[in-house]
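Structural description and commentary
Chain by chain, the residues run as shown.
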Amino acid sequence: MKAKRQKSIAEKAAWQVIVVLLIAMIITYTIAFFVVFKMVFSVNNTISLTALDLYTDYLTEYSNNNHVSIDKNISDKIIQYGDYICSKYETDYIYLYTIDEKSSSITYVATSVLDEKNEENIQNHMIDRHVECELYPDELAVWHGEKKSATITVDNNLGHEITTIALIRDCNGNKIMAGVETSYDYISGKMIKMFSLFALPITLVLICIGLSIYYFMRKRISLPAKEISRKMQEYITDGKQSKSKLVGKGTAEFSMIADAFNSMSDDIKNYVESIKRLSEEKANRNAEFNIAAEIQRGFLSAPEFENEACSIKAMMVPAKEIGGDLYDYIPLGNGRYLVVVADVSGKGVSAALFMSMALTLIRQFAKMGLAPNEIMEKTNNALSENNSRMLFVTAFIGIYDCNDNSFTYSNAGHNLPYKIGGGLKALDNSHGVLMGLFANEAFSSERITLNPGETIFLYTDGVTETLNKEKNFWGVDGLEEALRSYKPSCGASLVEYVYDKATEFSENVCRHDDMTMLSLTAKSNVDLELDFDIHEFEKIKSEILKLAVPHPMKLNLCLVAEEIFINICSYAFDGKSPENEKIGFSLAVSDHVEIRFTDNGQKFNPFDKIEVTDYCDEDFQVGGLGRFLSSSLTDDRKYQYSDGKNIVTLFKYFEEENI
Amino acid sequence: MTIEKKETGKEITLKLDGWLDAISAEKFTEVTEEIGEASAIILDFEKVEYISSAGLRQVVTCAKKAKDMNAEFSIIKVNKEVMSIFSLTGLDKKMSICSD
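Throughout what follows, the structure given in this document is the object of discussion.

Observations regarding the overall build of chain B
Across its full length, chain B carries 3 helices and 5 strands. Of the regular secondary structure in chain B, the N- to C-terminal order runs β-β-α-β-α-β-α-β. Scored against the burial criterion, the 100 residues of chain B give a buried share of 52%. Accessible area for chain B stands at about 4,700 Å²; split by element, carbon and sulfur atoms hold 45% of it.

If you want it as structure tokens, here you go:
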């Protein structure tokens, strides 16, 4: 929507000046008009009153001679005097007369006129002319002496006239009226004359003043202001600086505005350039950071590792692009696996570089077949040698040996890892000093048993220092609660589960530290080939009893395995025992226990059509009881028939009561 | 599995020791079959820590035999693990089973 066009400041000012001056002029003229009228009245009045004395003599003479035969000399003298007054005061007509109320008539005694033209008009009004006419009330009032003088308007052969009359008396009581007439035409003529002499030039002067103000304002204010706004508009719409500088025409203020605008525009140009440069630099730096972060992530091993001996899952969530956390695992050969989690002090590039160095050293010494504490000692010495910035690293190194189910570890000032299985236990022995600051430090190591199914959980303080909106730490308690509540059956791995719980706690509050976790679960796997003989169950039983799991769980596993095994023996070949056929049995322990039977017998799904309740009627008839038990005492079951083989798999998870 | 048979008058107590699985169930069957006449058959499960469906089936057979000869039948001193199997199958509601 386009804004309504507004008047320029020059137009406005000129118009305002003109309007004000016009109003002033009108007021002045009105006042002048009334002054002229008043002037005429007062002149008339003065004449009529001052004439009294003069005419008194004449009146006596006139009365004595009974209104007739006046001395021509006196009469002429009077008339001459009247003429003199007329010309002096520009009065049309001065006359003396008497009034006869009875006949409603007046008799002119003497008249004087202004000029020749009037003289012709009033020649009939000469001395002793008797005229019948209407008498004005004011005229009579003056005649009777009730008023000193009066001004009345009359129309006669001279036109529209203003007449001022006064009564003249002599000592003898004789009286005569004196009248002075001035015509309206004279007044208007005088007014026009005055207007032409003064008003017109004044009006012209006013118009000139208005125009000059308009021109001045336009040149000095409007145009410079327009020029500035045009330049600014250009700057805004084109988004670029005009090549020519803005010149401050007009007044000093506009010069100041122009200077300010020019310097502002220069400043903006400089700022824009410097911002561009900065963002380019930042983009470059970010790109370099990202490359560095990518290289750093490349140092780390894949987040998942699994073989028949163990299962390793790791997760690193960096707070910035580059962090000082690291995790690693190395299969050392001969069933030995090294796991490490470390946290370098500080963040950013320095931390990342230090972390890379620490990682390289640890890997180097680990591959030499050293024990965890020896790796710590050598790494510590190497890091302490050239560490001018006094960076340090906390670390936990552990080696799992699946041959004897042992886990040997050494801790350099790092958060205590947990062993999960048979309860939750913090690995609080062998807590040494952090690495990188003190050379020749001795580290101890500790050895524990890690049975198949048991897990070691390593983490950095970013996990426990997860903050929520109330600025509370998740803490060791939060972590332990999460570790205790974890069930492998939930589908997520332990590290994923802990991460989810921490994220749930943080309510998406921005992470301020790296978060690194690693879990190692010891596994075992036994495969047996069994004959179709129920006595072969002893072998199954002995393998299950060897497991490092809680005793009630072993009993349940035996029961489940027995039911399925007896079932296969009884039905796979209709109760016969084929000599060349074998039953495959496999027992695998990781974070859960998996039992698998394979046979070549007739197709049979043991989990089909199991009635869940009432296996025992009044006559104690039981059927399908074994299948019911094996189904009830496992967490999950699978039946598969492929390549002419029945494959039955049973899953049992370590639940809290089993730990 | 070993089974110790104790007769007090017409009351027969069978003291079982070991796992009552498919293999040992056969022996248990033999012992139960030997029982000629009794007014009460008591199974002492104090030393039984394991019972499978084969074992359960023999317990049921024994209970049936007791019922046929109008003898009282009860299982005593059942431990926690075995009791949970009895509960799971609903047998604890069909016969007298107690943990002491």
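Structural notes on the overall build of chain A
Assigned secondary structure in chain A consists of 14 helices and 23 strands. Buried positions account for 44% of the 659 residues belonging to chain A. Of the contacts made within chain A by residues no fewer than 6 positions apart, 66% connect residues no fewer than 24 positions apart. Accessible surface, chain A as shown: approximately 34,700 Å² in total, 53% of it carbon and sulfur.

Topic: the sheet that holds strand β4 (residues 72–76) of chain B
Strand order in this open sheet of 5 strands is β1-β2-β3-β4-β5 (chain B), and the pairing throughout is mixed. Looking along the sheet, the strands with just one partner apiece sit at the ends: β1 (2–8) and β5 (96–97) of chain B. As paired strands, β1 of chain B and strand β2 (residues 11–20) of chain B are joined by 7 bridges and run antiparallel to one another. Across the sheet, the residue bridging to isoleucine 3 of chain B is leucine 16 of chain B, located in β2 of chain B. In the packing of helix α13 (residues 551–571) of chain A onto the sheet, the strands contacted are β2 and β3 (40–51) of chain B, and the crossing angle to β3 of chain B comes to about 105°. Against the sheet, helix α1 (residues 22–34) of chain B makes contact with β1, β2 and β3 of chain B, and its axis sits at roughly 175° relative to β2 of chain B, the strand it touches most.

Regarding the interface of chain B and chain A
Where interface size is quoted, it is often the accessible area lost as the parts come together. Contacts between chain B and chain A engage 24 residues on the former and 28 residues on the latter. Buried surface at the junction of chain B and chain A, summed over both partners, amounts to about 2,200 Å²; 67% is from carbon and sulfur atoms. Contact with chain A buries area across many residues of chain B, yet Trp19, Ile23 and Lys94 of chain B alone supply 25% of it, more than any other trio. Across the chain B-chain A interface, the total number found is 7 residue pairs in polar contact (both at pLDDT 80 or more).

Some remarks on the pattern of salt bridges
This structure, assessed with the given rule, holds 14 salt bridges over all chains. Across the salt bridge formed by lysine 546 of chain A and glutamate 543 of chain A, the nearest N and O atoms sit 3.1 Å from each other. Of the two residues, lysine 546 of chain A and glutamate 543 of chain A both sit in helix α12 (residues 537–546), 3 residues apart, roughly one turn of that helix. For glutamate 543 of chain A, a relative accessible area of 14% gives the class buried. In this structure, the salt-bridge partner of glutamate 594 of chain A is arginine 596 of chain A, at a minimum N-O distance of 3.1 Å. Residue classification places arginine 596 of chain A among the partly exposed positions, given a relative accessible area of 32%. Here the salt bridges do not stand alone but share partners, grouping Asp44, Glu46 and Lys77 of chain B into one network.

Section: the side chain of serine 590 of chain A
Residue and element names in this part refer to chain A. Here serine 590 is to be found in the loop between β20 (583–589) and β21 (592–599). Side-chain polar atoms of serine 590 contact the side chain of aspartate 591, separated by 3.4 Å. Those residues in contact with serine 590 that sit more than four places away from it in its chain are Gly453, Thr521, Ala522, Lys523 and Phe654.

Considerations on the layout of surface pockets
Residue and element names in this part refer to chain A. Reported here for the largest pocket is a volume of approximately 650 Å³. Around the largest pocket, the lining is made up of 36 residues, and of these Pro488, Thr521, Ser590, Asp591 and His592 lie nearest the centre. Those elements giving two or more residues to the lining of the largest pocket turn out to be β8 (310–317), β18 (515–522), β19 (524–530), β20 and β21. Residues that form the lining of the largest pocket fall into these classes: 15 nonpolar, 14 polar and 7 charged. Both of domain 2 (303–522) and domain 3 (525–658) provide at least three residues apiece to the lining of the largest pocket.

Notes on the environment of valine 495 of chain A
Residues and elements named next belong to chain A. Within the fold, valine 495 resides in helix α11 (residues 494–506). Along the backbone, valine 495 and phenylalanine 457 are 38 residues apart, and their C-alpha atoms lie at a distance of 8.4 Å. Those residues in contact with valine 495, other than ones at most four positions away along the chain, are Lys313, Met315, Phe457, Met517, Leu518 and Ser519.

Quick word on the nonpolar core
The biggest cluster of nonpolar side chains holds 73 residues, and the ones touching the most others in it are Phe597 of chain A together with Leu43, Phe45, Val59, Phe73, Ile75 and Phe86 of chain B. Residue contributions to this core peak at 12 residues, all from α13 of chain A. Beyond its immediate stretch of four places on either side in the chain, phenylalanine 45 of chain B contacts Leu16, Leu20, Ile51, Val59, Ile75, Ile76, Lys77, Val78, Val82 and Phe86 of chain B. Grouped together as the second largest cluster of nonpolar side chains are 50 residues, Met316, Met355, Ile399 and Phe407 of chain A included.

Quick look at the packing of helix α7 (residues 348–367) of chain A against helix α8 (residues 372–385) of chain A
Packed helix pairs are characterised by how far apart their axes lie and by the angle those axes make with each other. Residue and element names in this part refer to chain A. Contact geometry of α7 with α8 gives a least axis separation of 9 Å together with a crossing angle of 140°. Between α7 and α8, the crossing angle belongs to the class labelled oblique. Handedness of the α7/α8 crossing: right-handed. Residues Phe354, Met357, Ala358, Leu361, Ile362, Phe365 and Ala366 of α7 pack against Ile375, Lys378, Thr379, Ala382 and Leu383 of α8.

Observations regarding the sheet that holds strand β5 (residues 159–169) of chain A
All names here are of chain A. Pairing within the open sheet is antiparallel, and its 6 strands lie in the order β3-β2-β1-β6-β5-β4. Among the strands making up the open sheet, the edge pair consists of β3 (130–132) and β4 (149–156). Going across the sheet, the axis of each strand differs from the next one's by a mean of 35°, ignoring polarity. Strand direction decides the pairing type here: strand β1 (residues 93–100) and strand β6 (residues 175–183), joined by 5 bridges, are antiparallel. In the sheet register, isoleucine 94 faces β6, and the bridge partner there is valine 180.

Overview of a nonpolar patch on the surface
Residues Trp15, Val19, Ile23, Ile27, Ile31 and Val35 of chain A make up a contiguous nonpolar surface patch of roughly 590 Å² in combined accessible area. Mapped onto the fold, tryptophan 15 of chain A is located in helix α1 (residues 9–64).

Considering the state of the cysteines
All names here are of chain A. Tallying each qualifying case throughout the model produces 0 disulfides over all chains. Cysteine cysteine 310 shares no disulfide, and the gap to the nearest cysteine sulfur, in cysteine 402, comes to 7.6 Å. Residue class for cysteine 310 comes out buried when judged on its relative accessible area of 0%.

Cut-off values and rules
- Residues numbered from 1 in each chain as written.
- Chains lettered and ligands numbered in written order.
- Predicted model: local features only at pLDDT ≥ 70, side-chain atom pairs only at ≥ 80, totals over all residues.
- Heavy atoms only, no water.
- Helix = DSSP H or I, 4+ residues; strand = E, 2+ residues; numbered from the N terminus.
- Buried < 20%, exposed > 50% of the residue type's maximum accessible area, 1.4 Å probe, protein only.
- Areas by Shrake-Rupley, 256 points an atom, 1.4 Å probe, with all protein chains shown as cover.
- Contact = heavy atoms within 4.5 Å.
- Pairing = 2+ DSSP bridges.
- Axes fitted to C-alpha atoms, helices over the stretch in contact; angles between N-to-C directions.
- Buried area = accessible area lost by both parts, 1.4 Å probe.
- Polar contact = N/O pair within 3.5 Å; in protein donor to acceptor, adjacent residues only side chain to side chain.
- Salt bridge = Lys/Arg side-chain N within 4 Å of Asp/Glu carboxyl O.
- 1 Å grid on protein atoms, 1.4 Å probe; cavity = no way out; pocket = protein on both sides within 12 Å on 5 of 7 lines; lining within 4 Å.
- Points joined across faces, edges and corners; volume = space filled by probe spheres on them.
- Nonpolar A, V, L, I, M, F, W, Y, C, P; charged D, E, K, R; others polar.
- Domains from an automatic or database assignment.
- Core = buried A, V, L, I, M, F, W, Y, C linked by side-chain atoms within 4.5 Å.
- Parallel < 35°, antiparallel > 145°, perpendicular 65-115°, else oblique.
- Left-handed = near helix turned anticlockwise from the far one by under 90°.
- Patch = residues over 30% accessible without salt bridge, like charges linked within 9 Å, V, L, I, M, F, W, Y side chains within 5 Å.
- Disulfide = S-S within 2.5 Å.

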